[in-house]
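# Coordinate analysis (summary)
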Amino acid sequence: MIVCKFGGTSVADAAAIRRAAEIIRGRLDRGPVVVVSALAGTTSALLAAAEQAASGNLVAAIATVEASRDRHMTAVSELLGDDAAAQEIAADESVMFDELAHLMEALSVLGHVTDRSLDAISSMGEQLSAPVISAAFARAGIAAVLVDSREVMITDAQFGRAEPQPEAIAAACRERIVPLVRAGKVPVMAGYLGATMQGVTTTLGRGGSDYSASLIGAAVEAEAIEIWTDVDGMLTADPRIVENPKLIEHIRFDEAAELASFGAKVLHPNTIAPAVRLGIPVYVLNSLNAAGKGTKITFDAPRMPVRAIAGKGNTVIVKVRSARMLAAPGFLRAIFDVFERNRISVDVVTTSEVSVSVTLDDDKHLDTVVGQLREFGDVGVERGRAIVAVVGAGLGDSNSAMAKAMTAIGDVRLHMVSLSATGINLTLIIDGDELKPVMRRLHAAFFDTETA
Ligand code: ADP
Ligand code: ASP
Ligand code: MG
C-alpha cells in the first residue's frame with residue numbers, strides 16, 4: 001500500500017484533478033490510498049468569510065461562499081458532465097454550500113466565532129473537494145471509493161489543532177481502508193479534518209493534509225507516503241523568497257522535520273513523525289511534473305554540512321530575567337510548565353546565567369503566559385521578529401559553516417542565536433524585515449557555486 005496526498009494546487013481545477021487521476025492510474029499495482037486537500041485557496045477563503053460574517057459583513061461572507069459554490073460546480077460539470085451521477089454530486093455539494101451559508105448567518109448574529117465553529121467551516125473545503133475528486137477518478141475508470149475522514153481520523157477536541165489518536169485511527173483504517181485496498185479499490189478521503197470519538201468535526205491545523213497522509217500511512221503501514229504538490233520537491237530554500245533554489249533529492253527525516261517547523265511550507269511540521277516511527281519513506285513530488293525525481297525523505301541520506309535554509313516571520317520573543325532563580329534546581333522546569341499549561345510550543349531557547357529567552361510562533365494566550373511568568377522574574381516581550389534556520393545534519397562536522405553563515409549575514413542585528421548540540425541546525429533570531437534579505441544572503445553563500 002502507498003498513500004498519495006494531493007495538495008490544493010494539485011486538485012485546483014478539472015485539469016489538475018485529471019492529472020491526479022493519471023498519477024493514481026500509474027500506481028494501481030501499489031495499492032494507493034488517496035488523501036486530498038481542498039481546491040487551492042478554499043480553506044483561506046472560508047476562514048476569511050467566517051471572520052467577515054462574525055464582524056458583521058454578512059454580504060461579503062455570502063459572496064465568498066457563492067464564489068466557491070460556482071467554482072466547485074464548474075469543476076463538477078467539467079469533470080462529470082450532467083448525467084444522473086453528476087447531478088447527485090452537484091446536489092450534495094449544493095446542500096453543503098447551503099449549510100455554509102446558514103453557518104455564516106449564524107455567525108453574523110452571534111458576532112463572534114469559536115474554534116469549534118471555525119473547524120466546522122474550514123473543514124468544508126475538503127468535505128467539498130473529496131467527493132468531486134473521488135467521482136472524477138471513478139469516471140476516469142479508477143475504482144475509487146469515497147471514505148468519510150470523520151470515521152477514520154479520530155482526534156481529541158482541541159479545535160483548530162486537534163491531536164490525532166493513533167490507535168483509534170489504526171483500528172478505523174483496519175476496518176474501513178485496508179479491506180477496500182485488498183478488494184482492489186482506491187479509497188479517497190479528505191485530508192485536514194477529523195472528528196472526535198463523539199463525531200464532532202475537528203481540523204489538524206493549516207496545511208494539515210500532509211499530516212493526515214502521514215497518519216494514514218503509519219496506520220496502514222504503507223510502504224511509502226507521497227506528497228504531491230506544485231514544486232519539484234523540497235528545495236534548498238523557499239522559492240517565493242530565494243531565486244533558483246535547488247532540488248534536494250535525498251534528505252534525512254530529522255532535517256526535513258527541522259525545515260518544516262522553521263517555515264518550509266511544503267510539508268506540515270508534524271508530517272514526519274508518524275512516518276519516522278515505522279521508517280516509511282516520504283516523497284515530495286510535483287503533480288505538474290510527475291516524471292520528476294522529487295525528494296526522498298528517509299533515515300539515511302549523505303551527511304551534508306548545510307542542506308537548506310528556512311525562515312519564518314511573526315516570531316515573538318519572551319524573555320524572563322531572574323538573577324536569584326536561574327541557577328536554582330527546577331527553575332527551567334517551572335518556566336516551561338507555564339508554556340505547557342497554556343499548550344504553547346516553544347521554538348528556540350537560549351539561556352544566560354540570569355535569563356532565559358524563548359521564541360513563540362504567535363501571540364495567542366500571550367497575556368496569560370506573561371502574567372504567569374511574572375511570578376519568576378521580570379518578563380519582556382518582543383514582537384515582529386523572524387527566525388532563520390540553517391539546517392544540515394553535518395553542520396557540527398564542519399569548521400567553516402558557522403563562520404560562513406556569520407559572514408553572510410553581515411552586520412544584521414541578532415537577537416538570539418542557537419546551535420543545536422546535535423549539529424542539525426543553526427537558528428538566528430533577527431528583525432522581521434531582515435528575513436528575506438538574510439535568507440537570500442545565506443542561500444547565496446551556501447548554494448550559489450559562483451559565490452561559494
Ligand atoms: P500544497 O497545497 O500542495 O500542500 P503548499 O502551498 O502547502 O502546497 O506547499 C508548497 C509550497 O511550499 C511551494 O509552492 C513553495 O512555494 C513553498 N515552499 C516553502 N519552502 C519550500 C522549500 N524549502 N521547498 C519547496 N517548497 C517550499
Ligand atoms: N486545506 C487545508 C489548508 O489549506 C489543509 C491542506 O491543504 O493541507 O490549510
Ligand atoms: Mg500544504
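Keep in mind that this is a model prediction, so the values were computed, not measured. (Residues numbered from 1 in each chain as written. Chains lettered and ligands numbered in written order. Predicted model: local features only at pLDDT ≥ 70, side-chain atom pairs only at ≥ 80, totals over all residues. Heavy atoms only, no water.)

## Description of the site of ligand 2
- The environment of ligand 2 is made up of Ser37, Thr43, Glu126, Tyr192, Arg206, Gly207, Gly208 and Ser209.
- One of the side-chain N or O atoms of threonine 43 is found 2.7 Å from a nitrogen atom in ligand 2.
- Between ligand 2 and serine 209 there is a distance of 3.0 Å, counted from an oxygen atom to a backbone nitrogen or oxygen.
- Of the residues that constitute the shell around ligand 2, the class distribution is one nonpolar, five polar and two charged. (Near = heavy atom within 4 Å. Polar contact = N/O pair within 3.5 Å; in protein donor to acceptor, adjacent residues only side chain to side chain. Nonpolar A, V, L, I, M, F, W, Y, C, P; charged D, E, K, R; others polar.)

## Quick notes on the site of ligand 1
- In the vicinity of ligand 1 there are 18 residues, among which Gly8, Thr229, Asp230, Leu235 and Lys265 approach most closely.
- Lysine 5 places a side-chain nitrogen or oxygen 3.1 Å from an oxygen atom of ligand 1.
- With the chains in place, 89% of the 570 Å² that ligand 1 exposes on its own is no longer accessible.
- A class-by-class count of the residues in the shell around ligand 1 yields eight nonpolar, five polar and five charged. (Areas by Shrake-Rupley, 256 points an atom, 1.4 Å probe, with all protein chains shown as cover.)

## Quick notes on the pattern of salt bridges
- Taken as a whole, this structure holds 23 salt bridges when the rule is applied.
- For the salt bridge of glutamate 22 with arginine 25, the shortest nitrogen-to-oxygen distance reads 2.9 Å. With glutamate 22 and arginine 25 both in helix 1 (residues 14-25) and three residues apart, this pair spans about one turn of that helix.
- Classification of glutamate 22 by relative accessible area gives partly exposed; the value is 43%.
- Each member of the salt-bridge network shares a partner with another, and the members are Arg27, Arg30, Glu223 and Glu226. (Salt bridge = Lys/Arg side-chain N within 4 Å of Asp/Glu carboxyl O. Helix = DSSP H or I, 4+ residues; strand = E, 2+ residues; numbered from the N terminus. Buried < 20%, exposed > 50% of the residue type's maximum accessible area, 1.4 Å probe, protein only.)

## Focus: the sheet that holds strand 4 (residues 186-190)
- With mixed pairing, eight strands are arranged side by side in an open sheet as 3-4-2-1-7-9-10-8. Each edge of the sheet is formed by a strand with only one pairing partner; in this case those strands are strand 3 (144-147) and strand 8 (250-252). Strand-to-strand twist across the sheet, computed as the mean angle between neighbouring axes with direction ignored, equals 25 degrees.
- In this structure, strand 2 (residues 32-36) lies alongside strand 4, joined through three bridges in parallel fashion. Residue pairing across strands places valine 34 opposite valine 188, the latter belonging to strand 4.
- The strands that helix 1 touches are strand 1 (2-6), strand 2, strand 4 and strand 7 (224-229); relative to strand 1, the one it contacts most, it runs at about 170 degrees. (Pairing = 2+ DSSP bridges. Axes fitted to C-alpha atoms, helices over the stretch in contact; angles between N-to-C directions. Contact = heavy atoms within 4.5 Å.)

## With respect to helix 3 (residues 58-80)
- For helix 3, with 23 residues, the first-to-last C-alpha span of 32 Å sits near the 33 Å given by 1.5 Å per residue.
- Turning to helix 3, its buried residues are Ala61, Val65, Ser68, Arg69, His72, Ala75, Val76, Leu79 and Leu80.
- Buried residues along helix 3 sit against helix 1, helix 2 (42-54), helix 4 (84-110) and helix 6 (124-139).
- Following helix 3 by one or two positions, glycine 81 has its phi on the positive side, about 70 degrees. (Expected span 1.5 Å × (residues − 1).)

## Some thoughts on the sheet that holds strand 16 (residues 425-431)
- With antiparallel pairing, six strands are arranged side by side in an open sheet as 12-13-11-14-16-15. Bordering the open sheet on either side are strand 12 (346-351) and strand 15 (416-419), each of which pairs with just one other strand. Ignoring strand direction, the axes of neighbouring strands in this sheet form an average angle of 30 degrees.
- Sheet topology places strand 11 (residues 308-321) next to strand 14 (residues 378-391); eleven bridges connect them, and they run antiparallel. Paired with alanine 308 across the bridge in strand 14 is valine 391.
- Strands strand 11, strand 12 and strand 13 (355-360) of the sheet are contacted by helix 12 (residues 331-341), whose axis makes an angle of about 25 degrees with strand 13.
- Strand contacts of helix 13 (residues 366-373): strand 11, strand 13 and strand 14, with the helix running at about 115 degrees to strand 14, the strand carrying the most contacts.

## Examining helix 6
- Here helix 6 contains 16 residues, and its C-alpha end-to-end distance of 23 Å stays within 8% of the 22 Å for a straight helix at 1.5 Å per residue.
- The element helix 6 is extensively covered by neighbouring structure, given that 14 of its 16 residues are classed as buried.
- Two residues or fewer after helix 6 comes glycine 141, characterised by a positive phi angle close to 90 degrees.

## A closer look at the packing of aromatic side chains
- Counted according to the given criterion, the structure contains four aromatic pairs.
- Seen from their ring centres, phenylalanine 331 and phenylalanine 376 are 6.2 Å apart, and the 80 degrees between their planes marks the pair as edge-to-face. Placement of phenylalanine 331 in helix 12 and of phenylalanine 376 in the loop between helix 13 and strand 14 is noted, with a sequence separation of 45 residues between them.
- On the basis of relative accessible area, phenylalanine 331 is assigned to the buried category, the value being 3%.
- The interplanar angle of 45 degrees and the centroid separation of 6.2 Å between the aromatic rings of phenylalanine 336 and phenylalanine 339 together place this pair among those described as tilted. Residue phenylalanine 336 and its partner phenylalanine 339 are both found in helix 12; the two are separated by three residues, about one turn of the helix. (Phe/Tyr/Trp six-rings, centres within 6.5 Å; stacked < 30°, edge-to-face > 60°.)

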